[in-house]
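Report on the structure
Each chain, letter by letter, is given below.
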Amino acid sequence: MGHKKKTVELDRDNGVAPGLVAKNKKHLVVAGGRSHPELTAAVAQALGTQVAPVEHRTFASGEIYARFEVSIRGTDLFIVQTFGEGLNESLIETLIMIDAAKRASAKRITLVVPYFPYSRQDKKGRGREPISARLVADLFKTAGADRVMSVDLHAAQIQGFFDGPVDHLFAKPVLLEHFRETLTAEDRETLTIVSPDMGRVRVADTWSDSLDAPLAIIHKRRDPKVANQVSVHEIVGSVAGRTCLLVDDMIDTGGTIVKAAQALKANGARRVIVAATHAIFSDPATDRLQDEAIDEVVVTDTIPLNESRHWESLTVLPIAPLLARAIHEVFEDGSVTSMFGGDA
């Protein structure tokens, strides 16, 4: 990855953190919370280093404790933490880790949050509601984070909530590579990109350009007083006899996606493939997504999925190489934007 760097091995006895040291003596260190240790390890491996050891505890009272076991003084620290099950506990752990790193004199703290917590609460839909995504961004900044890196934010405006640099990464290149390798000739010939709602039209349009396929849009209406309840109304565009690729940023309970897939099949779609970045998969998502209207589901591992939430037609793609490349660009003062053709 770029210029030659010295690899520093973990030395617990002397308190030396593992990482990479550039010619200008900058020291990159990767650490992680308890939410997705496999992802943290994969990111470190892709960078050619190890994960810095952190002591984590949860006391009987529920209080969370975190301590870096080696010196991180003067380092360019990247804390990897995502938010799936136990989101609120992971959030507090993240803030405590940032505070510990700041007090341990890390030179720069970059928080790598593949899935940004509370990202759906990015605006007021009704009176007297919070804008919780802004609150979370404020918490990260107040704790001491200098920079935030995330993948496929639910709304791009969340970048403006954080008072500092935000690297907004896209999982699209990872997903696109998979589909270019796996779609059959018939699939490619009959492919239509489908946006599950009006809010994802811009993203679906970029997919349409990338795969040279027509675009269809599903119009839906959601009851603001009832969570996770969606009714599909009509499809804008032709889907009869087509392979429909439904693209979205996240799947929570799966209600939106399943109803969209059922509507596509009812309108004559040949196949329905679902592609999403964040597999939240709150119950009963895994049961819903095995509906006969859905032929395949493809997601990334921004959120950990245990074996009980896997099924035969589910494909999980690794996001670590993308995160590692972005971390490398930030560490080397390179260009994250260049990774996405100027769109990031």
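Presented here is an overview of the structure given in this document. (Residues numbered from 1 in each chain as written. Predicted model: local features only at pLDDT ≥ 70, side-chain atom pairs only at ≥ 80, totals over all residues. Heavy atoms only, no water.)

Examining unusual backbone geometry
Our working definition: What counts as a helix is a DSSP run of H or I of at least four residues, what counts as a strand is a run of E of at least two, and both are numbered from the N terminus. For every residue, the accessible area (1.4 Å probe, protein chains only) is compared with the maximum for its type, and the residue is labelled buried under 20%, exposed over 50%, or partly exposed between those bounds.
With an omega dihedral of 5°, the bond running from D283 to P284 counts as a cis peptide bond. With respect to the secondary-structure elements, P284 resides in the loop between β14 (271-279) and α8 (285-288). Backbone geometry places Y118, a non-glycine residue, at a positive phi of 65°. Topologically, Y118 is positioned in the loop between β7 (108-113) and α3 (132-143). According to the relative accessible area criterion, Y118 is partly exposed, its value standing at 28%. Positive phi is not limited to glycine here, since R128 has a value of about 65°. Relative to the helices and strands, R128 is located in the loop between β7 and α3.

Things to note about the pairing of strand β13 (residues 243-251)
For clarity, the cut-off: Following DSSP output, two strands are said to pair if at least two bridges run between them. We call a crossover right-handed when, viewed with both strands directed away from the observer, the connection leading from the first strand over the helix to the second proceeds clockwise.
Counting buried residues along β13, 9 of its 9 residues qualify, which places the element largely inside the surrounding structure. In this structure, strand β10 (residues 191-195) lies alongside β13, joined through 4 bridges in parallel fashion. Of the residues in β13, the one forming a bridge with V194 is L246. Here β13 pairs with β14 via 8 bridges, running parallel. If you follow M250 over to β14, its bridge partner there is H278. Tracing the backbone out of β13, into helix α7 (residues 255-266) and back to the parallel element β14 gives a crossover that is right-handed.

Details of empty space enclosed by the protein
The gaps left among the atoms become clear once a water-sized probe is rolled over them. Spelled out, the test is: In this analysis a 1.4 Å probe is tested at points of a 1 Å grid over the protein atoms alone, and where it fits but cannot get out there is a cavity; an open set with protein on both sides within 12 Å along at least five of seven lines is a pocket; lining residues have an atom within 4 Å of a point. Grid points are joined across faces, edges and corners, and a volume is the space filled by probe spheres set on the points. Gly is put with the polar residues, along with every residue not named as nonpolar or charged; the nonpolar set is Ala, Val, Leu, Ile, Met, Phe, Trp, Tyr, Cys and Pro, and the charged set is Asp, Glu, Lys and Arg.
Under the defined criterion, the tally for this structure stands at 1 cavity of 30 Å³ or more. Approximately 40 Å³ is the volume attributed to the largest cavity. Grouping the amino acids of the lining of the largest cavity by side-chain chemistry returns 7 nonpolar, 1 polar and no charged.

Topic: the sheet that holds strand β3 (residues 27-32)
The cut-off we apply is this: Angles shown run from 0 to 180 degrees and are taken between the N-to-C directions of axes, each axis being a line fitted to C-alpha atoms and, for helices, limited to the stretch in contact. Contacts: residue pairs with any heavy atoms within 4.5 Å of one another.
Reading across from one edge, β1-β2-β3-β6-β7-β8-β9 is the order of the 7 strands in this open sheet, with mixed pairing throughout. Pairing within the sheet leaves two strands with one partner each, and these edge strands are β1 (6-8) and β9 (166-169). On average, each strand axis in the sheet is tilted by 20° relative to the strand beside it, whichever way the strands run. The strands touched by helix α2 (residues 87-103) are β3, β6 (76-80) and β7; relative to β7, the strand with the most contacts, the crossing angle is about 160°.

Here's the deal with the packing of aromatic side chains
How two aromatic rings sit relative to each other is set out by the distance from centre to centre and by the angle between their planes. Counted only if it meets this: Paired rings are identified among Phe, Tyr and Trp, the last through its six-membered ring, by centres lying within 6.5 Å, and are further divided according to the angle between planes into stacked (under 30 degrees), edge-to-face (over 60) and tilted (the rest). Only when the NZ atom of a Lys or the CZ atom of an Arg is both within 6 Å of the ring centre and within 35 degrees of the ring normal do we say a charge sits over the ring.
Under the criterion given, the structure shown has 5 aromatic pairs. Centroid distance F179 to W207: 6.2 Å. Interplanar angle 65°. Geometry classified as edge-to-face. One end of the pair, F179, is in helix α4 (residues 172-182); the other, W207, is in helix α6 (residues 201-211), and 28 residues separate them in sequence. According to the relative accessible area criterion, W207 is buried, its value standing at 4%. Positioned over the ring face of F331 is K26, at 4.9 Å from the centre of the ring.

Any functional reading would require information beyond the geometric quantities listed.
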